[in-house]
Amino acid sequence: MASELEPEVQAIDRSLLECSAEEIAGKWLQATDLTREVYQHLAHYVPKIYCRGPNPFPQKEDMLAQHVLLGPMEWYLCGEDPAFGFPKLEQANKPSHLCGRVFKVGEPTYSCRDCAVDPTCVLCMECFLGSIHRDHRYRMTTSGGGGFCDCGDTEAWKEGPYCQKHELNTSEIEEEEDPLVHLSEDVIARTYNIFAIMFRYAVEILTWEKESELPADLEMVEKSDTYYCMLFNDEVHTYEQVIYTLQKAVNCTQKEAIGFATTVDRDGRRSVRYGDFQYCEQAKSVIVRNTIRQTKPLKVQVMHSSIVAHQNFGLKLLSWLGSIIGYSDGLRRILCQVGLQEGPDGENSSLVDRLMLSDSKLWKGARSVYHQLFMSSLLMDLKYKKLFAVRFAKNYERLQSDYVTDDHDREFSVADLSVQIFTVPSLARMLITEENLMSIIIKTFMDHLRHRDAQGRFQFERYTALQAFKFRRVQSLILDLKYVLISKPTEWSDELRQKFLEGFDAFLELLKCMQGMDPITRQVGQHIEMEPEWEAAFTLQMKLTHVISMMQDWCASDEKVLIEAYKKCLAVLMQCHGGYTDGEQPITLSICGHSVETIRYCVSQEKVSIHLPVSRLLAGLHVLLSKSEVAYKFPELLPLSELSPPMLIEHPLRCLVLCAQVHAGMWRRNGFSLVNQIYYYHNVKCRREMFDKDVVMLQTGVSMMDPNHFLMIMLSRFELYQIFSTPDYGKRFSSEITHKDVVQQNNTLIEEMLYLIIMLVGERFSPGVGQVNATDEIKREIIHQLSIKPMAHSELVKSLPEDENKETGMESVIEAVAHFKKPGLTGRGMYELKPECAKEFNLYFYHFSRAEQSKAEEAQRKLKRQNREDTALPPPVLPPFCPLFASLVNILQSDVMLCIMGTILQWAVEHNGYAWSESMLQRVLHLIGMALQEEKQHLENVTEEHVVTFTFTQKISKPGEAPKNSPSILAMLETLQNAPYLEVHKDMIRWILKTFNAVKKMRESSPTSPVAETEGTIMEESSRDKDKAERKRKAEIARLRREKIMAQMSEMQRHFIDENKELFQQTLELDASTSAVLDNSPVASDMTLTALGPTQTQVPEQRQFVTCILCQEEQEVKVESRAMVLAAFVQRSTVLSKNRSKFIQDPEKYDPLFMHPDLSCGTHTSSCGHIMHAHCWQRYFDSVQAKEQRRQQRLRLHTSYDVENGEFLCPLCECLSNTVIPLLLPPRNIFNK
């Protein structure tokens, strides 16, 4: 076929090469109807140059197109030879101060972390190396393609907007100079004519949808029967599916099919067959038939070769326009005018609009070409950038809907240009005020999330791959909203206020649909059958986190906006709560003579939701009222008197109770979805707008209500009201041994509730809650992270929350709180906490996970021991609260709080009668410490005329009222100081008593006189002397014992010690600490006489503690304890046999424990000595058997043990075993009991 075409093609080529660009241009200059002339020229020549056969020849086509089609246009535009004309234009042009280099995929881009207005402001490598930013902190990334260099854009950089290359031009440029002044009028007229015709032609042909006929003015006289079967790209079908289909459809080799598939993926379309209509149609039907079984068939069109030819030239033309406007800003301005000029059809009829609105119908290659043209024309001309931004905003909703229904990636959609427009602060403000952009984005977003439940909240379908794909596309709208909000306004106009608040209303509507979504109910009885959908809701929350923070920042920058936003948010919260009772019946709670009305509600029985964005936004705004002092300047404008604190705290409190109950193991049957939700609720990505704000909302509530009422409501929600309101409830409860699980759950709930109270009083490091600034907050985060262990830079950054600019703020404060320890030959450099910062450590820091808390506690106690200090970890001195939250501290001295503290201390004093835990006591001690620190600070800062109303020391010195006459809290602490079972907490109790005496002394002395601490010091001294004597005695005993051991060492052991000095040193230190405990226990001495028989002398046994190798739980070996067993191996043994030939007749009836005199065979039992709980072992053994049964279906591998015979391997040392031996106490102990 090719050989037949050759002479014809050569003839055509010859006739084309004979065309003269100069002559054609001359003809056009004389023409009366230029459009018709140009169109006739194109209609005649384009099909002769492009699409002449099955395979394209790009070099040849481009060469001919330049000669026959583009050459005449260039001559026409310049009015002379373009080789001279264009350099003249370039010379006359004042070069642009914008770089505007469009990035290719994979090209490096640089952003300055110090000077960029937001992370989307980037420089190309050349501009970066020539700018001041190379010496700043910068971030380097690779471009996904499609963005451009922001060098020269003064709105993108706080300083240094120009590099050396583009700086030269700034002095000469007059800001609003019209670039057309550098062009002569006839050049302007000719350019306008040719641009108008060519741009219109390109848009018309690229958006043309008919497959076999051209627009009337381009139709040829004689039409050949040559067609292309054109295959288009989609993101649904895989490479393999396309290759396989093509091999079947067009009968090509695999290599050719791979070539086709690659081109389709890269350019968006490729012809796979060339010939007459019938021949192409047949290939189309095979392709469709083969791919219809997938979600949708591949898109294929049979297109006439002349249409494809014109479309290919249309793309070439757009690239040509892009290169021509590079010669002169005047030419760029003319192209922008042509593109944005309204057409005859009014709205959306300009060429730019037509291209944008057809975006999703165009193929990949066409999209890339016209996006690049937009970037080099509209976005580089500041006047037209504004006009284009307005067109983009007007069509925003439609463009986004097209993008969501389309399946191409974001970078191939015109919607992706939003990042170039919305991140320019002046444009973003203009679009908010003139086009109400914020409301448009949010409403468009909500239109795409149509699934709602009966209450109007979002309801997400199961998070399948398709759902996730759709949802990801919708999330790009949130990204646009983030771009619009990323730079905060410094000046507000009335229009901006009005439109921002309209947008804020729309945002509240969105949050309202999230308030209470995905509610959960506790599973009782059986495990949940199907894990509920939770990912979509958390994905939405994560994406919105920064937007919520930025909304608050915008509100904070203007007092009027803040007041209005606060009112609006409160009104929406009222609507959400709808009377807040949820139809539950009211009840009255009373403790210590205080009573409060609330509702009957149990988190463990009713529905509860983790998603409360409206409440959390209100909490954020409430803090801003305090931070910006609006609450004190304009109290009359705020609805503070209308607030109902019980309503505000209700839902956040439920959420925190849910977390506590999950920790207590009450929601195990709800599966992993709940565990994951709780994890993300506390996770660094979400906590700033979830967990932290719930704590703030409770702080807001407490500061506005009677703390006794708050605590009673809290006890009721934690389902602990019975325990603390009923005298001796604990004793009755613990006597019923059956409820071990319930006792454990209640203990955990009490611990969690005390932890929450510690948080409410202690977490005052948010600016607005406490009198601190943002750097104090970050410092505190870093101090607590480094309290766990020294960390590398990357590890530390991951544990801190990022703001919308991907910054944590760590670098500005790290020097103040940590030393950097350089890495050795291997390993990483580590930050270590400065010793002076250790005093700021708070054991109950609210961002610690359980594991982190115990690691931090261990590390800090170890540090104190090394420094020879006592191991108490007292609460740190805290900054004062802001006035709006000042009344919060009264919770510590409220009657109900004192009752809770007293009750728990009472349990600890009578430690056998009650179910209580040490960590519960530890939290109470911490709270008492906090209250003493608070009172101490109040006394230190008191002025002459003020009276300190915080009288915690007086209240804990008073004993309880009749008839109970319980001892005072102080008396109980003094009792506990000497309790042998509380060795760990002695230092803390001692610290409390010392601080109590110091505070008491301060109270007694007048506010002006210096503080005397003598009494406290004397008391401290005496107790310290006793303590020293006791320690000395124990150390002496340990020394004697050590000498005895050393004397018995043989020569060989001495040799070993010499070699391992370090190891032995540790052993000695350990010995010193443990022997103190052991040697003090009463053991029968060697000299005393011991009676045996029925009334034998009772010998106190050493208490034996063992650890299960499976669950790692330590327990004492006692009769009441859970059964423990050792892995063992029992076998027949003939080692001592005197009659090996004897054969056992009936093995079933043979008693292995009865030994015949001839010792023919016996039983030998061996054990590796590893101990497990009986139930842990049973579970392990069952799983070994189940695994073996499963393995039977597959290939049987040879194992070293026989499961069918009851054999297994010890889980720790893999020693062969076939039984377990129970671990028992010596019989004498059991008999004594």
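This is a predicted model, so every value here is computed, not measured.

**So, the side chain of Lys986**
Turning to step 1, where the next piece is worked out: Tracing the backbone shows Lys986 in helix H42 (residues 986-1004).
Turning to step 2, where the next piece is worked out: Discounting chain neighbours no more than four positions away, the residues touching Lys986 are Gln977, Asn978 and Ala979.

**Notes on the environment of Gly1169**
Turning to step 1, where the next piece is worked out: Structurally, Gly1169 can be placed in strand E13 (residues 1162-1173).
Turning to step 2, where the next piece is worked out: With 42 residues separating them in the primary sequence, Gly1169 and Ala1127 have C-alpha atoms 6.8 Å apart.

**Some thoughts on the pattern of salt bridges**
Turning to step 1, where the next piece is worked out: If you walk through the whole model with that rule in mind, you get 48 salt bridges.
Turning to step 2, where the next piece is worked out: Linking Lys361 and Glu209 is a salt bridge whose minimum nitrogen-to-oxygen distance equals 3.7 Å. A residue pair is termed long-range when its members are at least 10 positions apart, and Lys361 in the loop between helix H14 (351-357) and helix H15 (364-376) and Glu209 in the loop between helix H8 (185-206) and strand E3 (227-232) qualify at 152 residues. You'll find Lys361 and Glu209 in the same group, each marked exposed.
Turning to step 3, where the next piece is worked out: The salt bridge involving Lys633 is made with Glu559; its shortest N-O contact spans 2.7 Å. With a gap of 74 residues between them, Lys633 in helix H26 (residues 630-633) and Glu559 in helix H24 (residues 559-577) connect regions that are remote in the sequence.
Turning to step 4, where the next piece is worked out: Assessed through its relative accessible area of 30%, Glu559 is described here as partly exposed.
Turning to step 5, where the next piece is worked out: A cluster of three or more residues bridged by salt bridges with shared partners is formed by Arg113, Asp114, Arg137, Arg139, Glu807 and Glu811.

**Section: unusual backbone geometry**
Turning to step 1, where the next piece is worked out: The phi angle at Cys592 is positive, at roughly 50°, despite the residue not being glycine.
Turning to step 2, where the next piece is worked out: Within the secondary structure, Cys592 sits in the loop between strand E6 (586-591) and strand E7 (594-599).
Turning to step 3, where the next piece is worked out: The backbone of Glu719 sits at a positive phi, close to 60°, despite the residue not being glycine.
Turning to step 4, where the next piece is worked out: With respect to the element layout, Glu719 can be found in the loop between helix H30 (707-717) and helix H31 (721-725).

**Regarding H15**
Turning to step 1, where the next piece is worked out: An ideal rise of 1.5 Å per residue puts 18 Å on 13 residues; H15 measures up with 19 Å between its terminal C-alpha atoms.
Turning to step 2, where the next piece is worked out: With 10 of 13 residues buried, H15 lies mostly within the body of the structure.
Turning to step 3, where the next piece is worked out: Residues of H15 that are buried include every one of Lys364, Gly365, Ala366, Arg367, Tyr370, His371, Leu373, Phe374, Met375 and Ser376, and no others.
Turning to step 4, where the next piece is worked out: In the core, the buried residues of H15 are packed alongside H8, helix H10 (254-267), helix H12 (305-324), helix H13 (329-340), H14 and helix H16 (382-394).

**Side note on H16**
Turning to step 1, where the next piece is worked out: In this model H16 runs 19 Å from its N-terminal to its C-terminal C-alpha over 13 residues, within 8% of the 18 Å that 1.5 Å per residue would give.
Turning to step 2, where the next piece is worked out: Looking only at H16, the buried set comprises Tyr384, Lys385, Phe388, Ala389, Val390, Arg391, Phe392 and Ala393.

**Focus on the packing of helix H39 (residues 918-940) against H42**
Turning to step 1, where the next piece is worked out: Two numbers describe how H39 lies on H42: the axes approach to 10 Å, and their chain directions differ by 25°. It follows from the interaxial angle that H39 and H42 lie roughly parallel. Crossing of H39 over H42 shows left-handed handedness. In this structure, H39 contributes Leu925, His926, Ile928, Gly929, Leu932, Gln933, Glu935, Lys936, Leu939 and Glu940 to the contact, and H42 contributes Met988, Ile989, Trp991, Ile992, Thr995, Phe996, Val999, Met1002 and Arg1003.

**A look at the sheet that holds E3**
By way of backbone hydrogen bonds, the strands of a sheet pair with one another, either parallel or antiparallel.
Turning to step 1, where the next piece is worked out: Sheet architecture is open: three strands sit in the order E4-E3-E5, paired in antiparallel fashion. Each having just a single partner strand, strand E4 (269-275) and strand E5 (300-304) make up the two edges of the open sheet. The sheet shows a mean angle of 30° between the axes of neighbouring strands, taken without regard to direction.
Turning to step 2, where the next piece is worked out: When E3 meets E4, the two strands line up antiparallel, connected through six bridges. Directly across from Leu231, in E4, lies its bridge partner Arg270.

**As for the side chain of Asp150**
Turning to step 1, where the next piece is worked out: Among the secondary structure elements, Asp150 is positioned in the loop between strand E2 (138-142) and helix H7 (164-167).
Turning to step 2, where the next piece is worked out: The residues contacting Asp150, other than those within four sequence positions of it, are Thr120, Cys121, Val122, Leu123, Ala156 and Trp157.

**Looking at the sheet that holds E13**
Turning to step 1, where the next piece is worked out: Here we have three strands laid out as an open sheet, ordered E13-E12-E16, and antiparallel in their pairing. Either end of the sheet is taken by a strand with one partner, and the two such strands are E13 and strand E16 (1219-1222). Adjacent strand axes in the sheet meet at a mean angle of 40°, parallel and antiparallel pairs treated alike.
Turning to step 2, where the next piece is worked out: By the bridge criterion, nine bridges tie strand E12 (residues 1124-1133) to E13 in an arrangement that is antiparallel. Each bridged residue has a counterpart across the sheet, and for Leu1126 the counterpart in E13 is Ile1171.

What counts as what
Residues numbered from 1 in each chain as written. Predicted model: local features only at pLDDT ≥ 70, side-chain atom pairs only at ≥ 80, totals over all residues. Heavy atoms only, no water. Helix = DSSP H or I, 4+ residues; strand = E, 2+ residues; numbered from the N terminus. Contact = heavy atoms within 4.5 Å. Salt bridge = Lys/Arg side-chain N within 4 Å of Asp/Glu carboxyl O. Buried < 20%, exposed > 50% of the residue type's maximum accessible area, 1.4 Å probe, protein only. Expected span 1.5 Å × (residues − 1). Axes fitted to C-alpha atoms, helices over the stretch in contact; angles between N-to-C directions. Parallel < 35°, antiparallel > 145°, perpendicular 65-115°, else oblique. Left-handed = near helix turned anticlockwise from the far one by under 90°. Pairing = 2+ DSSP bridges.

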